[in-house]
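Take a look at the letters that make up each chain.
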Number of protein chains: 2
Amino acid sequence: MLKTYSMFDDILQRDQHAVAKGTILKSEGEESHSRMYVAGGWLAASKSLEDGEQQIIEFILPGETYDPTATDGKTSFLQIEALCDAVIVSIDKTSWAQLLRQDPELRKSERQREIAAQARQSERMLRLGRASAETRIAYVLIELCIRVSRQGTGFDSEFHVPFGQQQLGDFTGLSSVHVCRTLRRLNRAGVIRTGDHMDILIKDQHALAELAQVDIAALRDEITTDAA
Amino acid sequence: MLKTYSMFDDILQRDQHAVAKGTILKSEGEESHSRMYVAGGWLAASKSLEDGEQQIIEFILPGETYDPTATDGKTSFLQIEALCDAVIVSIDKTSWAQLLRQDPELRKSERQREIAAQARQSERMLRLGRASAETRIAYVLIELCIRVSRQGTGFDSEFHVPFGQQQLGDFTGLSSVHVCRTLRRLNRAGVIRTGDHMDILIKDQHALAELAQVDIAALRDEITTDAA
DNA sequence: TGTCGGCATTAACCCACGTCAATTCATCGA
DNA sequence: TCGATGAATTGACGTGGGTTAATGCCGACA
């Protein structure tokens, strides 16, 4: 989570506005002159093929900022959508640049955040291109678990995913039907337990990490650093 | 391509060293304290699953720099390998930081480069997760063609890929056998013509763009900006 | 309390792509 | 000139995951 900066805080207090689940905050190719700050709720940054197939590139969680503006400085190269009811703040480029100029700490933490994001992207590309459905699902569960946990502290084995299996598929490159099949299988194997409304309980952290082909400790460091 | 900077040039003249095709310049998790500059040849940045499956995350072309150092500032989160005989220069972090501090132009162009890289990654993730083999192959051909072309000027419909079908598969998330099949099919359809040694001639640019589900003009802008 | 709409679940079926293996071909050192 | 090596190519075959569609469940709303 971002540390507290008086001027930053000031901006975040103004201009908050609530958006309903499903709201599209920015579309691909649309004008974009601001960085978004998520005060509450989850967003998804995604791209679509002409035939309508959607791929979620990144989830944006409360306390994070995101700017999908392309190199032209004008248009967004991603679509940003609210996965659940959310509260967001638009910080215009000028204000953001000013914040960065004034605050070396913020500058440094944003730099770290970018590097961490790039590492995460690489890890996801590896799974998208090369891993089985089971590995992909196991991985996303671990990743989400860790990212949710750091809002509290440490590693909570139980967490809530505020969106459906369709979106999980859009993120892992699978159909919602196969996401379902895979989650059932993990349930039957006793690795996880799914409750109502996409509540997830990781029953066997070790087995899940095995399936995801990931070293949990390393991943936690990587993702957690993101917040520094 | 990077513009000319006296001090930058100075560094690039020293410390050049040649590496043979297949050389692994950095391994995943290995110590990494420098940024690499490619004076000649192509590199690949990749990640691997425990079972050995490899995914190429990015190609690094002559004139580009790359730094795979993770947020810990110590280890590389990618493997860097020479796809063909290459000449590279290691620029240590301190020198690089100094260059950035002294040169606002370089700082700005690197910033642009990072944004462009992120847009490219998103585009690739979309294809990895959601597109057919044909679309992926068509897309990578167009992407490579444009990136090679900008070393000269404009869009050359004929170009050379200095590595094999296996690596094309490692980049697109396909098996080398299926890469081969797909290339043959594109040949038979008259969209491309493959010559010896992975020489590619795009015979029908429009049809290829159609298959790739991409707007060539937009993509060219995006990739070309990368070089600013 | 009923009805409606959206999501999860499951089964049946199919196909795009992976795997394995044989064949050809180009390169290269002895 | 002769293997020897490694990549491209092609065919046969198997399968993981997509598609379709039926069913059930829950929450919202009247």
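Residues numbered from 1 in each chain as written. Chains lettered and ligands numbered in written order. Predicted model: local features only at pLDDT ≥ 70, side-chain atom pairs only at ≥ 80, totals over all residues. Heavy atoms only, no water.

(A) Spotlight on the domain arrangement of chain A. Residues and elements named next belong to chain A. For chain A, the domain assignment lists domain 1 (6-102) and domain 2 (132-225). A separation of 25 Å is found between the C-alpha centroids of domain 1 and domain 2. Summed over both partners, the interface of domain 1 with domain 2 buries about 1,200 Å², with 59% contributed by carbon and sulfur atoms. Where domain 1 meets domain 2, there are six residue pairs in polar contact (both at pLDDT 80 or more). (Domains from an automatic or database assignment. Buried area = accessible area lost by both parts, 1.4 Å probe. Polar contact = N/O pair within 3.5 Å; in protein donor to acceptor, adjacent residues only side chain to side chain.)

(B) Spatial organisation of the state of the cysteines. The final tally for this structure, using the stated rule, is zero disulfides over all chains. Left unpaired, Cys145(A) is separated from the closest cysteine sulfur, that of Cys84(A), by 17 Å. (Disulfide = S-S within 2.5 Å.)

(C) Here's a closer look at the sheet that holds strand β11 (residues 199-202) of chain A. Residues and elements named next belong to chain A. What the three strands build is an open sheet, ordered β9-β11-β10; its pairing is antiparallel. Edge strands, defined here as strands with exactly one partner in the open sheet, are β9 (158-160) and β10 (192-194). Ignoring which end each strand starts from, the neighbouring axes of this sheet average 20° apart. The pairing of β10 with β11 spans three bridges and is classified as antiparallel. (Pairing = 2+ DSSP bridges. Helix = DSSP H or I, 4+ residues; strand = E, 2+ residues; numbered from the N terminus. Axes fitted to C-alpha atoms, helices over the stretch in contact; angles between N-to-C directions.)

(D) Looking closely at the sheet that holds strand β7 (residues 79-82) of chain B. Residue and element names in this part refer to chain B. With antiparallel pairing, the four strands of this open sheet are ordered in space as β2-β7-β4-β5. Strands with a single pairing partner mark the edges of an open sheet, and in this sheet they are β2 (24-26) and β5 (54-60). With strand direction ignored, the average angle separating the axes of adjacent strands in the sheet is 35°.

(E) Looking closely at the protein's contact with DNA strand C. Taken together, 15 residues lie near DNA strand C, and Gln165(A), Arg184(A), Ala133(B), His178(B) and Arg181(B) sit nearest. Each atom of DNA strand C within 4 Å of the protein belongs either to a base or to sugar and phosphate, the latter forming 63%. Between DNA strand C and Arg181(B), the relevant distance is 2.9 Å, taken from a base nitrogen to a side-chain nitrogen or oxygen of the residue. The side chain of His197(B) places a nitrogen or oxygen atom 3.2 Å from a phosphate oxygen of DNA strand C. Within the residue set of the surface near DNA strand C, elements represented by two or more residues are α6 (176-188) of chain A together with α6 (176-188) of chain B. Counting residues per element, the surface near DNA strand C draws most heavily on α6(A), at four residues. (Near = heavy atom within 4 Å.)

(F) Region of interest: the nonpolar core. Residues and elements named next belong to chain A. In this structure, Trp42, Phe59, Ile142, Leu144 and Leu208 are the most contacted members of the largest nonpolar core, which totals 40 residues. Elements with a minimum of two residues in this core: β5 (54-60), α4 (133-149), α5 (165-172), α6, β11, α7 (205-212) and α8 (216-225). Among the elements that take part in this core, α4 stands out by supplying eleven residues, more than any other. Two domains share this core, each providing at least three of its residues, namely domain 1 (6-102) and domain 2 (132-225). Among all residues touching Leu208, those that are not within four sequence positions of it are Ala138, Leu141, Ile142, Leu186, Val191, Ile192 and Ile202. (Core = buried A, V, L, I, M, F, W, Y, C linked by side-chain atoms within 4.5 Å. Buried < 20%, exposed > 50% of the residue type's maximum accessible area, 1.4 Å probe, protein only. Contact = heavy atoms within 4.5 Å.)

(G) Region of interest: the protein's contact with DNA strand D. Around DNA strand D, the surrounding shell holds 15 residues, and the nearest of these are Ala133(A), Ser175(A), Arg181(A), Gln165(B) and Arg184(B). In DNA strand D, atoms within 4 Å of the protein come 62% from sugar and phosphate. Of all the secondary-structure elements, those providing two or more residues to the surface near DNA strand D are α6 of chain A together with α6 of chain B. When its residues are assigned to classes, the surface near DNA strand D shows five nonpolar, seven polar and three charged. (Nonpolar A, V, L, I, M, F, W, Y, C, P; charged D, E, K, R; others polar.)

(H) Structural context of the pattern of salt bridges. Counted under the stated rule, the structure contains 32 salt bridges over all chains. A salt bridge links Arg130(B) to Glu53(A); the nearest nitrogen and oxygen atoms lie 3.7 Å apart. Within this pair, whereas Arg130(B) is found in helix α3 (residues 104-130), its partner Glu53(A) is found in the loop between β4 (43-48) and β5, the two belonging to separate chains. The residue Arg127(B) makes a salt bridge to Glu123(B) at a minimum N-O spacing of 2.6 Å. With Arg127(B) and Glu123(B) both in helix α3 and four residues apart, this pair spans about one turn of that helix. Taken as a pair, Arg127(B) and Glu123(B) share a single burial class, namely buried. One continuous salt-bridge network, built from bridges that share partners, spans Glu58(A), Glu64(A), Arg120(A), Arg124(A), Glu143(A) and Arg147(A). (Salt bridge = Lys/Arg side-chain N within 4 Å of Asp/Glu carboxyl O.)

(I) Main features of the environment of Ile88(A). Residues and elements named next belong to chain A. Tracing the backbone through its elements, the reader meets Ile88 in strand β8 (residues 86-92). Ile88 sits 73 residues away from Asp15 along the chain, and the two C-alpha atoms are 8.4 Å apart. With residues near it in sequence (within four places) discarded, Ile88 still touches Asp15, Gln16, His17, Leu25, Met36, Tyr37, Ala39 and Leu43.

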